[in-house]
Amino acid sequence: MSSQANIQSQNLPKGSAVIQPPAMLGMLGGGQLGRFFVIAAHEMGYKVTVLDPDKHSPAGSIADVHLCAAFDDAAALQTMAQTCQAISTEFENVPAETLATLAQSTVVHPSADAVAIAQHRIKEKTFFQQAGLPVGPFVAVNSESDLPPDGELYPAVLKVARFGYDGKGQARVADQAEAKAAFHNFKQEVCVLEKMLSLDLEVSVVLARDVHGNIAAFPTAENSHLNGILDVSIVPARCSEVIKANAQELAKQLAAKLDYVGVLGVEFFVVGQQLLINEIAPRPHNSGHYTVDACITDQFEQQVRVITGQALGSPALHSNAVMVNILGDSWLYSGEQHEPAWDKAFAHGNLKMHLYGKQEPRKARKMGHFTVIGDDAQAVLNTARIARSELHIGE
């Protein structure tokens, strides 16, 4: 089927260094995104070393080598630098210094500079602004005196500048008094105050950009959230072709201005006919999980292709898709712990299940996802809604 996915100038210069299988690749982070990377790399003939401090990490459990150590452990980093021909990350909060250290002796994508911007909400939004990209009103909050008076920016969302994700480290505030209280609850960490906008939609674009500036962009996804966590992604997004095309173009501009190399997720707010960039993820993105089942090349294979210098694969969509996150809540409904009704989900012949192998289900913990694919967009959505209910998602 047709889509907005496209590849720009795929011709590689002569003499480009390409890392061939069965080379050892490195992955910083052992979560589910790293697990999918390991799977993709193995399918392509590569070996993978995973660095993650969790001995039960989903990626570490299937890697060729699992270095169970902190992300700044000098001995572990030396081992990676000596044994891995290229390294990437699945976790934006890996210290940028770790990437910079590794880059002194091996190929590392994305760069430490790009990750450092994505790690800090103020740096991130300031970069958007200075690059001439559309972003909503915000104020950097280094101290209580930076909080604006009533009437200027409220209602708003106060977010810690670092290490906040999936709704964590965020508080909705109606006025300055509530903002001050939230700031103190965050122990007066540096924050950003963002004006709450009247949103019509949230969309995202996941793309891959190689060292030569070639870009392969996946179709624009429509996203909905539940308690700050991505719940459902629908592809293609149910919005105008103009909005989808503009999201693609803005994401490509952002990647180019950032001189980004790797897989990048770009989240947008849609306000009327205006697109505003919300944030970026310097890695494969949860909203891009649908690519595993619905695209010719998925986002994890693209990550392998980028860091090894291989040509980018086609991101074209071959099926309509709806992706649904499965949280630990599905085990904990009705006040008791139950195993989800997997048989009901598997009864849908066009549903693809992906469980991450995590040891313990906890509330709001991402345990897996499923994707429903097919030719009929409404039928796909209906099946996804039924399966979501059968697994007690959102209850």
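Just above, that's the structure.
What you see is a predicted model; the values in this text were computed from it and never measured. (Residues numbered from 1 in each chain as written. Predicted model: local features only at pLDDT ≥ 70, side-chain atom pairs only at ≥ 80, totals over all residues. Heavy atoms only, no water.)

A.B. asks: Got a minute to help me understand helix H7 (residues 241-257) in this structure?
C.D. replies: Residue pairs three or four apart in sequence face the same way in an α-helix, which turns once every 3.6 residues. In this model H7 runs 24 Å from its N-terminal to its C-terminal C-alpha over 17 residues, within 8% of the 24 Å that 1.5 Å per residue would give. Within the span of H7, buried status applies to Ile243, Lys244, Ala247, Gln248, Leu250, Ala251, Lys252, Leu254 and Ala255. Just beyond H7, the residue with positive phi is aspartate 259, at close to 50 degrees. (Helix = DSSP H or I, 4+ residues; strand = E, 2+ residues; numbered from the N terminus. Expected span 1.5 Å × (residues − 1). Buried < 20%, exposed > 50% of the residue type's maximum accessible area, 1.4 Å probe, protein only.)

A.B. asks: Help me understand the packing of helix H4 (residues 112-119) against helix H5 (residues 121-130), please; the structure alone is not making it clear to me.
C.D. replies: Helix packing geometry: the angle between the two helix axes and the distance between the axes. With their axes 5 Å apart at the nearest point, H4 and H5 run at an angle of 105 degrees to one another. In terms of axis orientation, H4 runs roughly perpendicular to H5. Here Ala116, Ile117, Ala118 and Gln119 of H4 come into contact with H5, specifically with Arg121, Lys123, Glu124 and Phe127. (Axes fitted to C-alpha atoms, helices over the stretch in contact; angles between N-to-C directions. Parallel < 35°, antiparallel > 145°, perpendicular 65-115°, else oblique. Contact = heavy atoms within 4.5 Å.)

A.B. asks: How should the layout of surface pockets be read in this particular structure?
C.D. replies: Picture a little ball the size of a water molecule; that probe, rolled over the atoms, points out where space is still empty. Of the pockets and cavities examined, the second largest pocket occupies roughly 230 Å³. The wall of the second largest pocket is formed by 15 residues, among which Leu226, Asn227, Leu327, Asp329 and Lys363 lie closest to the centre. Among the elements of the structure, strand S14 (229-235) and strand S17 (320-327) are those that each provide at least two residues to the lining of the second largest pocket. Among the elements that make up the lining of the second largest pocket, the one with the highest residue count is S14 (three residues). Its residues placed into classes, the lining of the second largest pocket shows six nonpolar, five polar and four charged. (1 Å grid on protein atoms, 1.4 Å probe; cavity = no way out; pocket = protein on both sides within 12 Å on 5 of 7 lines; lining within 4 Å. Points joined across faces, edges and corners; volume = space filled by probe spheres on them. Nonpolar A, V, L, I, M, F, W, Y, C, P; charged D, E, K, R; others polar.)

A.B. asks: Looking at this structure, I do not really get the nonpolar core. What am I missing?
C.D. replies: What tends to happen in soluble globular proteins is that the nonpolar side chains get buried as a cluster. Counting residues in hydrophobic clusters, the biggest one holds 35 residues, and the most contacted among them are Val203, Leu254 and Phe268. Put simply, the parts of the chain that give this core at least two residues each are H4, H5, strand S11 (201-209), strand S12 (215-217), H7, strand S15 (262-271) and strand S16 (274-281). Here the element with the most residues in this core is H7; it accounts for six residues. Beyond its immediate stretch of four places on either side in the chain, leucine 254 contacts Phe128, Leu133, Leu264, Val266, Ile277 and Ile280. (Core = buried A, V, L, I, M, F, W, Y, C linked by side-chain atoms within 4.5 Å.)

A.B. asks: What's the story with the sheet that holds strand S7 (residues 138-141) in this structure? I'm lost.
C.D. replies: Hydrogen bonds along the backbone pair up the strands of a sheet, which may run parallel or antiparallel. Ordered by their spatial adjacency, four strands build an open sheet running S7-S10-S8-S9, and the pairing between neighbours is antiparallel. The open sheet terminates on both sides in strands that have one partner only, identified here as S7 and strand S9 (170-173). The sheet shows a mean angle of 20 degrees between the axes of neighbouring strands, direction not considered. Direction of pairing for strand S8 (residues 156-160) relative to strand S10 (residues 191-195): antiparallel, over a ladder of five bridges. Of the residues in S10, the one forming a bridge with alanine 156 is lysine 195. Packing of helix H6 (residues 176-185) onto the sheet brings it into contact with S7, S8, S9 and S10, and relative to S9 it is tilted by some 165 degrees. (Pairing = 2+ DSSP bridges.)

A.B. asks: How should I be thinking about the side chain of histidine 369 in this particular structure?
C.D. replies: Relative to the elements of secondary structure, histidine 369 occurs in strand S19 (residues 366-374). Side chain to side chain, histidine 369 and tyrosine 356 meet in a polar contact 2.7 Å long. Those residues in contact with histidine 369 that sit more than four places away from it in its chain are Phe36, His289, Met323, Val324, Asn325, Ile326, Lys352, Met353, His354 and Tyr356. (Polar contact = N/O pair within 3.5 Å; in protein donor to acceptor, adjacent residues only side chain to side chain.)

A.B. asks: Would you take a moment to explain the packing of helix H1 (residues 32-43) against helix H9 (residues 299-308) for this structure?
C.D. replies: For the pair H1 and H9, the least separation of the axes is 8 Å and the interaxial angle reads 70 degrees. One way to sum up the angle between H1 and H9 is to call them roughly perpendicular. For the crossing formed where H1 meets H9, the hand is right-handed. On H9, the residues that touch Leu33, Phe36, Phe37, Ala40 and Ala41 of H1 are Phe300, Glu301, Gln303, Val304 and Ile307. Across the contact of H1 with H9, the residue classes break down as eight nonpolar, one polar and one charged. (Left-handed = near helix turned anticlockwise from the far one by under 90°.)

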